[in-house]
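Single-letter residue listing:
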Amino acid sequence: TREQHIRREKASSNICTAQALLANMAAMYAVYHGPAGIRDIANRIHRFTQILASSVVRAGLVVENESYFDTLRIRVPDAAAIHARANERRINLRRIDAHTVGVTLDEAITREELAHLVDVFGGDVSALDSLASAAAPSVSQSAAVPEGLARQSAILAHPVFSRYHSETEMLRYITQLQGKDLSLANAMIPLGSCTMKLNATTELIPITWPEFGSIHPFAPREQTQGYAHMIADLERDLAAITGMAATTVQPNSGAQGEYAGLRAIRAYQASQGESNRDICLVPESAHGTNPASAVMAGLSVVIVKCDAKGNLDLADLEAKAAKHSARLSAVMITYPSTFGVFEDGVLRAIEIIHQYGGQVYMDGANMNAQVGLTSPGHMGADVCHLNNHKTLAIPHGGGGPGVGPICVKAHLAPFLPGHPELVKADGSPQSTVGPVSAAPYGSAGVLPVTWSYI
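So, here is what we can say about the structure in this document.

## Considerations on helix H9 (residues 225-242)
Phase 1 of the analysis: Given a rise of 1.5 Å per residue, 18 residues ought to cover 26 Å, and the 26 Å separating the end C-alpha atoms of H9 matches this to within 8%.
Phase 2 of the analysis: Residues of H9 that are buried make contact with helix H8 (210-213), strand E5 (246-248), helix H14 (376-379), strand E10 (383-385), strand E11 (406-408) and helix H15 (447-453).
Phase 3 of the analysis: Of the residues one or two after H9, Gly-243 is the one with positive phi, at around 70°.

Right under this line is the structure:
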């Protein structure tokens, strides 16, 4: 984010919410287990995978990948029958094709679960102990890991990874770090208008429930109907709050929402035979991710001046909209402005852009100030993004996890980001536009926070 504020349209990325909270959690996991503990976990996962691979081969099936750490691709006579057997044992396997299934193990797998897996593939459960004795004790000694790929150098060499390996030591260390933080428990914190200051326990509790927190992003639809109901409910609510027709919660950050919104505009304009529209007007007061996202979406940025008070210069906006009318794609407006001001020229600015054939993207960074008073859709914007980690109760500290939904008018709805997992009843894709996130609903695990808040 610092790079974008400094370099703006010359920035090399628009990454904003960098999932730093998740990175911190992973770091603490490493602090607690230390280098020896991490190696033990990795070796256990690999030994279990070796045992499964050997069981599958002994059952007459084929492991297609000779090299592996935790994942096997298994050739079977009838994949549907394997999935049915797995389903009876409440196990999901990766669906590859009619004769191939995939399975990945992790540190949470138990001996009982391994036995169930072996049984699913028709293996001999009674042979597990002998196969365990034959398995390589470590990754570095395994024939399944090609020579040269097993790490030989030291890991987690910093002293902090070798100090806190009991629950009490870890608790004291975390509390010591917490004591160095300035939070609302100590004083007022100047985080700006965009950031919600209260994240109620009531809103946060649901993310600890396994019904939400333990669902795989690609779990079969029949297993996620309650989750899907909540997400659809939330998308309708966000559309109502913003005065729009449709919503997607797929973007993982506000900047990713910007990119998805601009991409929807470009896809719509292309459908109208206006692929030539490639100019985006961005006020000089805009957040640095605005010009960076526009460039990533394939647009050329033209900067619009602001007056001495920081307000959008409407004369300069109209002059540049007129000059670039044949190529005008969009304008990016933050409302209230980055200075926290409800600019009285916003309706005129929207009118100008529409007059010259462009679309209006409203940055929702300061949406907190709009909720209940007005909305981007009411003012005439075509698309806006929200920061659920700012306006809608998801904690913002630590850099995430972020959710940057975009809400659009009806003409842009067909151009919201799609995903291979998002299909209509007839199996056809919901959208011809590709995804912006690896998971169909982005950071779905924290959506219950926003749902509860609303």
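Resuming the write-up.
## Describing a negative patch on the surface
Phase 1 of the analysis: Side chains of Asp-106, Glu-107, Glu-112 and Glu-113 sit close together on the surface and give a patch of like negative charge.
Phase 2 of the analysis: Along the polypeptide, Glu-107 turns up in the loop between strand E4 (100-104) and helix H4 (111-120).

## Let's talk about the sheet that holds strand E6 (residues 279-283)
Phase 1 of the analysis: Across the sheet, which stays open at both edges, the 7 strands sit in the order E5-E11-E10-E9-E8-E6-E7 with mixed pairing between neighbours. At either margin of the open sheet sits one strand with a lone partner, and together these are E5 and strand E7 (300-304). Across this sheet, the average inter-strand angle for adjacent strands is 20°, counted without regard to direction.
Phase 2 of the analysis: When strand E8 (residues 328-334) meets strand E9 (residues 359-363), the two strands line up parallel, connected through 5 bridges. The residue of E9 that forms the bridge with Val-331 is Val-360.
Phase 3 of the analysis: Across the face of the sheet, helix H12 (residues 314-323) comes into contact with E6, E7 and E8 while running at roughly 150° to E7.

## Looking at the packing of helix H10 (residues 254-271) against helix H11 (residues 289-296)
Helix-helix packing is described using two parameters, namely the angle between the two axes and the distance between the axes.
Phase 1 of the analysis: Remark: H10 packs on H11, axes separated minimally by 9 Å, with the N-to-C direction vectors making an angle of 45°. One element, H10, and the other, H11, form an angle in the oblique class. When the axes of H10 and H11 are compared, the crossing they make is right-handed. Within the contact between the two elements, H10 uses Ala-255, Glu-258, Tyr-259 and Leu-262 and H11 uses Thr-289, Asn-290, Ser-293, Ala-294 and Met-296.
Phase 2 of the analysis: For the contact of H10 with H11, a count of residues per class yields 5 nonpolar, 3 polar and 1 charged.

## Observations regarding the packing of H12 against helix H13 (residues 346-355)
Phase 1 of the analysis: Orientation of H12 relative to H13, taken along the N-to-C sense of each, is 10°, at an axis distance of 9 Å. Taken as axis vectors, H12 and H13 run roughly parallel relative to one another. For the pair H12 and H13, contact is made by Leu-314, Leu-317, Glu-318 and Ala-321 and by Arg-348, Ala-349, Ile-352, Ile-353 and Gln-355, respectively.
Phase 2 of the analysis: Of the residues that constitute the contact of H12 with H13, the class distribution is 6 nonpolar, 1 polar and 2 charged.

## Describing the sheet that holds E4
Note: strands within a sheet are paired through backbone hydrogen bonds, in either parallel or antiparallel orientation.
Phase 1 of the analysis: If you trace the 4 strands from one edge of the open sheet to the other, you get E1-E2-E4-E3, paired in antiparallel fashion. Two strands bound the open sheet, and with one partner strand each, they are strand E1 (62-63) and strand E3 (94-97).
Phase 2 of the analysis: Examined bridge by bridge, E3 and E4 share 3 bridges and lie antiparallel to one another. Note on E4: the bridge partner recorded for Asp-97 is Thr-100.
Phase 3 of the analysis: The sheet contacts of helix H3 (residues 79-88) involve E3 and E4, and relative to E4 the element is tilted by about 35°.

## Some remarks on the pattern of salt bridges
Phase 1 of the analysis: Within the structure shown, the criterion is met by 11 salt bridges.
Phase 2 of the analysis: Residues Arg-236 and Asp-233 are paired through a salt bridge, measuring 3.7 Å at the closest nitrogen-oxygen approach. Of the two residues, Arg-236 and Asp-233 are both situated in helix H9; the distance of 3 residues between them amounts to about one turn of the helix.
Phase 3 of the analysis: One salt bridge in this structure joins Lys-320 and Asp-316, with 3.0 Å as the shortest N-O distance. Here Lys-320 pairs with Asp-316, and both are found in helix H12, just 4 residues apart, close to one helical turn. The same class applies to Lys-320 as to Asp-316, namely buried.
Phase 4 of the analysis: A cluster of three or more residues bridged by salt bridges with shared partners is formed by Glu-64, Arg-73 and Arg-75.

## Comments concerning the layout of surface pockets
Phase 1 of the analysis: Estimated volume of the largest pocket: approximately 1,700 Å³.
Phase 2 of the analysis: Every residue lining the largest pocket is counted, 35 residues in all, and those nearest its centre are Ile-91, Asn-92, Leu-93, His-216 and Pro-220.
Phase 3 of the analysis: For the lining of the largest pocket, the secondary-structure elements that each account for two or more residues are strand E2 (71-75), H3, E3, E4 and H4.
Phase 4 of the analysis: By residue class, the composition of the lining of the largest pocket is 15 nonpolar, 10 polar and 10 charged.

What counts and how
- Here the residue numbering is sequential within each chain, running from 1 through the sequence in written order.
- With pLDDT at 70 or above as the cut-off, local features in this predicted model cover only qualifying residues; side-chain atom pairs require 80 or more to be listed or tallied, and sums for whole chains, interfaces and linings still use all residues.
- Where side-chain values are given, they derive from all heavy atoms of the structure, hydrogens and water being excluded.
- Each helix is a run of H or I in the DSSP string that is no shorter than four residues. Each strand is a run of E no shorter than two, and both are numbered from the N terminus.
- What a helix should span is 1.5 Å times the count of its residues minus one.
- Every residue pair with non-hydrogen atoms within 4.5 Å of one another is taken to be in contact.
- Only residues whose relative accessible area exceeds 30% and that form no salt bridge enter a patch; like-charged residues are grouped when within 9 Å of one another, and nonpolar side chains (Val, Leu, Ile, Met, Phe, Trp, Tyr) when within 5 Å.
- Where accessible areas are quoted, they stem from the Shrake-Rupley method and a 1.4 Å probe; at the residue level, only the protein chains shown are allowed to cover.
- By definition here, a salt bridge exists when the distance from a side-chain nitrogen of Lys or Arg to a carboxyl oxygen of Asp or Glu is within 4 Å.
- Residues scored as charged are limited to Lys and Arg (positive) and Asp and Glu (negative), so that His and the chain ends carry no count.
- To locate a charge, take atom NZ for lysine, CZ for arginine, CG for aspartate or CD for glutamate.
- Pairing between strands requires that DSSP locate at least two bridges from one strand to the other.
- Inter-axis angles, ranging from 0 to 180 degrees, are taken between N-to-C directions of lines fitted to C-alpha atoms, where helices are fitted over the stretch in contact.
- By the definition adopted for this analysis, an angle is roughly parallel if under 35 degrees, roughly antiparallel if over 145, roughly perpendicular if from 65 to 115, and oblique otherwise.
- Crossings are classed by handedness, with left-handed meaning an anticlockwise turn of the near helix from the far one by less than a right angle and right-handed meaning a clockwise turn.
- Under the scheme applied, nonpolar residues are Ala, Val, Leu, Ile, Met, Phe, Trp, Tyr, Cys and Pro; charged residues are Asp, Glu, Lys and Arg; polar residues are all the others, including Gly.
- Note on exposure labels: buried denotes an accessible area under 20% of the residue type's maximum, exposed denotes more than 50%, and partly exposed covers the range between, all computed with a 1.4 Å probe on protein chains only.
- Cavities and pockets are defined on a 1 Å grid built over the protein atoms alone: a cavity is a set of grid points where a 1.4 Å probe fits but cannot escape, while a pocket is an open set with protein on both sides within 12 Å along at least five of seven lines, and lining residues are those with an atom within 4 Å of any such point.
- Grid points are joined across faces, edges and corners, and a volume is the space filled by probe spheres set on the points.

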